[in-house]
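Each chain is listed here by its residues.
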Amino acid sequence: MNEDDRSDVKPIFPLFPSAGFTPSTSASTQRTESLDWLENASFSTQAVSTVIELQKKVAEYEAQQNQADSSRKAPPEDIQRPIEKKLKMLRKESEMAKKEESKAIKKEEKGHSKKRTKKSKHKHKNKNKGEGQREIVPTEDSFSFPPGKIFLEEIPGLLSEHAYRIDRKRDKLLWTYSSLCKSHIATFRHLTRLCLGSTADNKIFVDNNFKKSKQTNSSSQDRYFSKKNRKFVWSTGVTLSATDSSKDENCFINSHIRLCESGNVPGVSAKGGENVDPFGIMDKSTRLYVQGKGATESEDDDDDNDDIISTSGFQMSDILQKVGIYNRRLRESPRDVDLWLEFIKFQDHVFEKLHTQDNKTPKTEFISSSKAAIEKKLSIFDKALQANPSSLELKVARLKLSEDVAMPGEVDKAWDDLLFVHAGNVRVWRYYLLHHQSKLSGFSVSRMTKLYHKCLKTLIMVMEGRLHSADVSDNLQDGMIDIFVQYCYFLHQAGHIEKAVASFQALIEFNIFLPPSLKNSSTDDKATVFESFWDSSVPRFGEGGARGWAKWMEEKSMSNIATPVISEDTLELEEEIISQQLPKCDTWLRIETLRESFHWLPWRPDVSKNETEEDCEDLDRLVLADDVTPVLFSVVGPDPHFRLMVEFVQFLGLNVRQAVLARGTLSQSSEYGQFLMDKLHAVSSDMRMETGIQVDSTWIPPPSLHTFLQQVLKQGSQVVVDSHQQTCLTLLKIHLECVRHGTPLRELSKHGCKELRKFVKNVLKEPHCRNNLVIWNAYAKMEWQMGKRKDAVGVLETALGMFSQNCADDQYAGLCSLYQTYCDIILGFSPERTLVIGVKDTSTFESARDLALSTLSFLAEGSQMKPGCSADISGSRVLKIRKHFQEKYSKLMENFQTTANVKAADLVLQHLSCMATFDLCAIGTDSALSLFDETAGVCRSLEEMDKEHQPLVRLLREEILHRKLSLMQNVFSTRVMSLDKLRSVLNSNLEQFPDSPLFLDCLVVVESRSHISGRLRRHFDKALSRMGSPVPVIFAILSEMLRQHYVQAQLQDGSSYVKDVTVVSETGIVHRVRSLFERGLEHKAAEHCPLLWRMYIQFEVKYGSTERAKGIFYRSLQQCPWAKVLYKDAVSVFGAEQLQEVVDLMTEKEIRIQIPVEEVDLLMASEPAAALQGESDDGIMLDDDAQSGDGVKSDDGVKQNDGLESGDGVKSDDGVKQNDGLESGDGVKSDDGVK
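Residues numbered from 1 in each chain as written. Predicted model: local features only at pLDDT ≥ 70, side-chain atom pairs only at ≥ 80, totals over all residues. Heavy atoms only, no water.

1. Side note on a positive patch on the surface
Point 1. A grouping of Lys-754, Lys-758, Lys-761 and Lys-765 is seen on the molecular surface, where their side chains present a positively charged patch.
Point 2. Among the secondary structure elements, Lys-765 is positioned in the loop between α29 (750–764) and α30 (773–785).
Point 3. Relative accessible area serves as the criterion here: at 56%, Lys-765 is assigned to the exposed category. (Patch = residues over 30% accessible without salt bridge, like charges linked within 9 Å, V, L, I, M, F, W, Y side chains within 5 Å. Areas by Shrake-Rupley, 256 points an atom, 1.4 Å probe, with all protein chains shown as cover. Salt bridge = Lys/Arg side-chain N within 4 Å of Asp/Glu carboxyl O. Lys, Arg positive; Asp, Glu negative; His and termini not counted. Charge placed at Lys NZ, Arg CZ, Asp CG, Glu CD. Helix = DSSP H or I, 4+ residues; strand = E, 2+ residues; numbered from the N terminus. Buried < 20%, exposed > 50% of the residue type's maximum accessible area, 1.4 Å probe, protein only.)

Structure follows, in structure tokens:
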């Protein structure tokens, strides 16, 4: 064939794009260089001639077909009959081939989908047999598709104009998922399962199903979101990058976008150099080899990490990238202990993703994975200790982690060895004590008491220099106070409240009322002299008429002057409970609770009645000197003395937060707070949520405890010298009187308001309170909270008129608080900081803005306040007043940074509040909020630099953010504004203090008003993953319970036919609450929280089953065996069937029992006899043979019976019940309380 003929032919294969023409070499020299395939030896002109012949035959056939269509004549019979026979034969052969092929496919690939369609081999063989099949293709007018055909390849001879189909059965899923169903996607049989170029070491499979077992029937294509596809959600997205040819002419231009990270295109050097791998088929080592480079050590490590594949079969690039970063940083700085601990904590995140990404993880595999995580952490700890062998923090953390996997004896021995070296470290002692306290197997109250005594005795020897330790805490005195408070809370929760109260009394008397003659003596000598004071009958600290140890030493005859406080008798109240004929478990529980509320003070003999210690009926109520002397140690300084008194008040149940910064003296450690939480009011006393679970959400002091607390605060204020400390104790005294009524002040009756007002006025008459502006401010706030707005304004104007001019520096904080309260009242703010959503009254704020500016100008200028002065303030005067505020603020901040005490912190806080209120009225909300943010930032930087005063600075920063939130709540309640601003302030506060009850309470109140719970749940899901205390999980549960309570209330009140029926909604809230409980109790920061376990038991009783609640109770004993409230809750929930078992368990663990079960049986058995005796006294005639049982009461109060029936008894002077005739089973109670 010549060149002319070749130019007239049209190419039919796109593989040869230049077959139809011969380009000129002068025009496209560079283009012909890319057509080197023509030089291939396999290319010849014979192939082209063959193609041309085929094209001619096709053209002839098309011409004949067109003639046949135009003539519309049927083929002759001699031609049509053989064609029909051939068609029938072809159909039979194709059907037989399909059957054979389907059988072969089922045998070869049993796990593959049954809907796959396969092509028949015979079709390919008979494709070109004869031309009759093509000749009978129907025309355009008469064409019809064969039934059951879907793909174009299944219809031979189909013309392009017929290659469509009308689908009259719509598929609505296409509107939703925008893709075809997996059964309509064509799949083809692979001749090989391996990708071309893969080696035996690195096999790359084309079909993932090839690796699966033959018994697996699951489809390989996951169309929708499944657990397997969560890897796309968890993995970090990559940046798509394409090479710009205009910038680099040598770059290889791909026909697609390379899915690789920006700046890391395979084969392209970082400096934009030569492209050694244009097709992207080389690995990293091959590319480096081609470039003549070698891999570094870090790159080798990264390559090793790249080989790690998760259980789901995909590469965790984001996790491994972070692991590589940690490895590199730890190699560079192996002595960074914080980095090691951060890397160990990061392992939780790694295993969490592994568990979440796994498609099917049984419970046993999940438990084993958690154990594997612990083992991996322990191995990292070993490497860290090799680099830091003297790090105490790593040793303690490793011991805490190994408790779950190691043998108990090994862990105990390791703790003992650690304490032998670090005997002077308070933190190690606290971990050691809590480790033994939370083990049910070896727990008993007496054993734990001995361990606490041993701890304090060792630390006393270290503090006095009699014992040398390798590591001594910086502030050993404060640490010993922390351990002492922890010891007292342990005794209180175990039921031995008398010993706890006596320990506090003894330590306060031992230090605050120390005789001057014993000031330089050793602790043992002081304790020896103190025993005589303790054994005397004089009142102790907190009791009426107490004057202290020093006064007793001066006046030995003091014992004849005052008498101790005698506990109230509960006999009448117990008889009233027994007369109700309640079940045995309820009777025991009520009497036990009654005696706990009355018998909290140690029993002492009444000297006036010639009583001795042998007259005590319950020996557990008797606290001897040997019980308190092991915990006595010297506390030096006025601030530690004040802390002891505040800790005592907090221990007795009164919340000290009302004393502004008085709680700054308390222990701020959140690591041990979970052990102290057993009641809900201990978390937040201001919380008002109706959740349906009663776990002591409110606290009302009994009359005897109220009197005792008043004496504690009164005697403490007489001892302290600092004016600020006296003010704090006075504020606590007022707060105690407000709490005594048990209701909010706005709901008090007129009689209650009158009594409270009279009490505060009497407090103001005291010498140290007459000129105390903080007490005046507390009085005005009390009137404001009771709804007496005009009376509150009158009190403030009176106080400001007397003290606003020429105010002393020590009274400036009180003056600022008076101005702040006055402005809040006139601006229309709420005293409870409640949110007003809906219609708001904005007229009060706008009309009183000028009055507030004028009032605050008096504070800035130091002039006397003129009530009602609301003159317009010009812009220049506003700038001048702001300058005065700023200058004063700078001086106060400088003073606080220098001194760093509670008084300086209070000055900064009060001045900042007034300054922010002025900016709110003069400029706007953003300016006021910026002041709080600026001060909080300064405190945060100061907190990082000054480690010694870090707790106080942190407390000040929290109070500043609280004032900021209060200001935002007031503005939101009086002005029309978006809720997003309040949410932003709340979220920023919670980022800094995620465990703050005040912020969490406000968050729940704000978000619970909406039916959309996504925002609240997202916050708690994030907070629970990094919580440091049980507070976030408690509020998360309360928020869900509050929502459940609302749902049930709406279901019951929404329609008339369900009002009297308890409806449990199927909204999934119950399951979510249960998961929150489990998630919180699995965390180390909340697993030993008695309050959380109590809430879980109450929840399961109400919404779950009793059997499930019983299992949770026994789980709680494994973590909190010392908490008596758990045993009492079990009796109240499970009833009489568990009473004896629970009491036996309490007896085994030496938990204090006020009344034995046998005594309850005797009391309940004696009640019918007493009722019968009452009937006989009323005139019922008895038989002569019967003995009446009437008794005569003698002068000494002993009831004497001449004739006693079996079981009747006589109570003698010493309280012993004596029976003349006793049947079997009756008992006599002796003096020591033993039956």
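Next comes the rest of the write-up.
2. As for the environment of Glu-611
Point 1. Tracing the backbone through its elements, the reader meets Glu-611 in the loop between α23 (584–598) and α24 (625–628).
Point 2. With sequence-adjacent residues up to four places away left out, Glu-611 is seen in contact with Trp-603, Pro-605 and Asp-606. (Contact = heavy atoms within 4.5 Å.)

3. Considerations on empty space enclosed by the protein
Point 1. All told, the structure shown has four cavities of 30 Å³ or more when counted by the stated rule.
Point 2. Every residue along the wall of the second largest cavity is listed here: Leu-434, Gln-437, Tyr-452, Gln-486, Tyr-489, Phe-490, Gln-493, Phe-675, Leu-676 and Trp-1122.
Point 3. Of all the secondary structure elements, the ones that give two or more residues to the lining of the second largest cavity are α16 (426–437), α18 (476–493) and α26 (673–676).
Point 4. For the lining of the second largest cavity, the element with the highest residue contribution is α18, accounting for four residues.
Point 5. Of the residues that constitute the lining of the second largest cavity, the class distribution is seven nonpolar, three polar and no charged. (1 Å grid on protein atoms, 1.4 Å probe; cavity = no way out; pocket = protein on both sides within 12 Å on 5 of 7 lines; lining within 4 Å. Points joined across faces, edges and corners; volume = space filled by probe spheres on them. Nonpolar A, V, L, I, M, F, W, Y, C, P; charged D, E, K, R; others polar.)

4. Remarks on a negative patch on the surface
Point 1. Taken together, the side chains of Glu-531, Asp-535, Glu-613, Glu-614, Asp-615 and Asp-626 make up a negatively charged region of the molecular surface.
Point 2. Of note, Glu-531 is situated in helix α20 (residues 523–535).

5. A short note on the pattern of salt bridges
Point 1. As enumerated under the stated definition, the model contains 43 salt bridges in all.
Point 2. As a salt-bridge pair, Glu-1007 and Arg-1015 come within 3.3 Å of each other at their nearest N and O atoms.
Point 3. We classify Glu-1007 as buried; its relative accessible area is 2%.
Point 4. According to the relative accessible area criterion, Arg-1015 is partly exposed, its value standing at 39%.
Point 5. With a closest N to O distance of 2.8 Å, Glu-1100 and Arg-1074 form a salt bridge.

6. A look at the packing of aromatic side chains
Point 1. This model, assessed by the stated rule, comprises 30 aromatic pairs.
Point 2. Taking 5.7 Å as the distance between ring centres and 65° as the angle between the ring planes, the aromatic pair formed by Phe-533 and Trp-552 counts as edge-to-face. Taken together, the positions of Phe-533 in helix α20 and Trp-552 in helix α21 (residues 549–554) put the pair 19 residues apart, joining distant regions of the chain. Assigned by exposure class, Phe-533 and Trp-552 land together as buried. (Phe/Tyr/Trp six-rings, centres within 6.5 Å; stacked < 30°, edge-to-face > 60°.)

7. Things to note about the side chain of Glu-1087
Point 1. Position of Glu-1087 among the secondary structure elements: in the loop between α43 (1069–1081) and α44 (1090–1103).
Point 2. Owing to a relative accessible area of 13%, Glu-1087 belongs among the buried residues under this scheme.
Point 3. With sequence-adjacent residues up to four places away left out, Glu-1087 is seen in contact with Gln-674, Gly-1080, Leu-1081, Trp-1093, Gln-1119 and Cys-1120.

8. Brief notes about helix α41 (residues 1014–1024)
Spacing of three or four residues puts side chains on the same side of an α-helix, whose turn is 3.6 residues.
Point 1. Among all positions of α41, only Leu-1016, Phe-1020, Ala-1023 and Leu-1024 are buried. End-on view of α41: buried residues confined to an arc of 95°, all on one side of the axis. Among the exposed residues of α41, those pointing more than 90 degrees away from its buried face are Arg-1018 and Lys-1022. (Arc of directions from axis to C-beta.)

9. Overview of the confidence of the model for the protein chain
Point 1. For the protein chain, the average pLDDT comes to 75, and 66% of its residues sit at 70 or higher.
Point 2. Note on residues 111–142: pLDDT under 50 across the span, and 43 contacts to partners over four residues away in sequence or across chains.
Point 3. Across residues 558–562, where pLDDT falls below 50, the model places nine contacts with residues more than four positions away in sequence or in other chains. (pLDDT = per-residue confidence, 0-100.)

10. Thoughts on the packing of α16 against helix α17 (residues 445–463)
Point 1. At a minimum axis distance of 10 Å, the contact between α16 and α17 shows a crossing angle of 175°. By the angle class used here, α16 and α17 are roughly antiparallel. Two secondary-structure elements touch here, α16 through Val-426, Trp-429, Tyr-432, Leu-433, His-436 and Gln-437 and α17 through Arg-447, Met-448, Leu-451, Tyr-452, Lys-454, Cys-455, Thr-458 and Leu-459. (Axes fitted to C-alpha atoms, helices over the stretch in contact; angles between N-to-C directions. Parallel < 35°, antiparallel > 145°, perpendicular 65-115°, else oblique.)

11. Details of helix α35 (residues 875–899)
Point 1. Taking 1.5 Å as the rise per residue, α35 with 25 residues should run 36 Å; its terminal C-alpha atoms sit 36 Å apart, in good agreement.
Point 2. Looking only at α35, the buried set comprises Val-878, Ile-881, Phe-885, Tyr-889, Leu-892, Met-893 and Phe-896.
Point 3. Packed against the buried residues of α35 are α32 (812–826), α34 (849–861), α36 (902–922), α37 (925–945) and α38 (950–974).
Point 4. Where α35 ends, the next residue or the one after it, Ala-900, has phi of about 55°, a positive value. (Expected span 1.5 Å × (residues − 1).)

12. With respect to unusual backbone geometry
Point 1. Of note, the phi angle at Ala-900 is positive, near 55°, even though the residue is not glycine.
Point 2. Within the fold, Ala-900 resides in the loop between α35 and α36.
Point 3. The exposure class of Ala-900 is buried, given its relative accessible area of 9%.
Point 4. A positive phi angle, near 65°, is found at Glu-1150, a position not held by glycine.
Point 5. Residue placement: Glu-1150 occurs in the loop between α47 (1139–1148) and α48 (1157–1177).

13. What about the side chain of Glu-592?
Point 1. Here Glu-592 is to be found in helix α23.
Point 2. The exposure class of Glu-592 is buried, given its relative accessible area of 0%.
Point 3. Among the polar contacts listed, one links the side chain of Glu-592 to the side chain of Lys-1124, at a separation of 2.7 Å.
Point 4. Among the polar contacts listed, one links the side chain of Glu-592 to the backbone nitrogen of Ile-1155, at a separation of 3.1 Å.
Point 5. If near-sequence neighbours (up to four positions away) are discounted, Glu-592 is found in contact with Lys-1124, Arg-1152, Ile-1153, Gln-1154 and Ile-1155. (Polar contact = N/O pair within 3.5 Å; in protein donor to acceptor, adjacent residues only side chain to side chain.)

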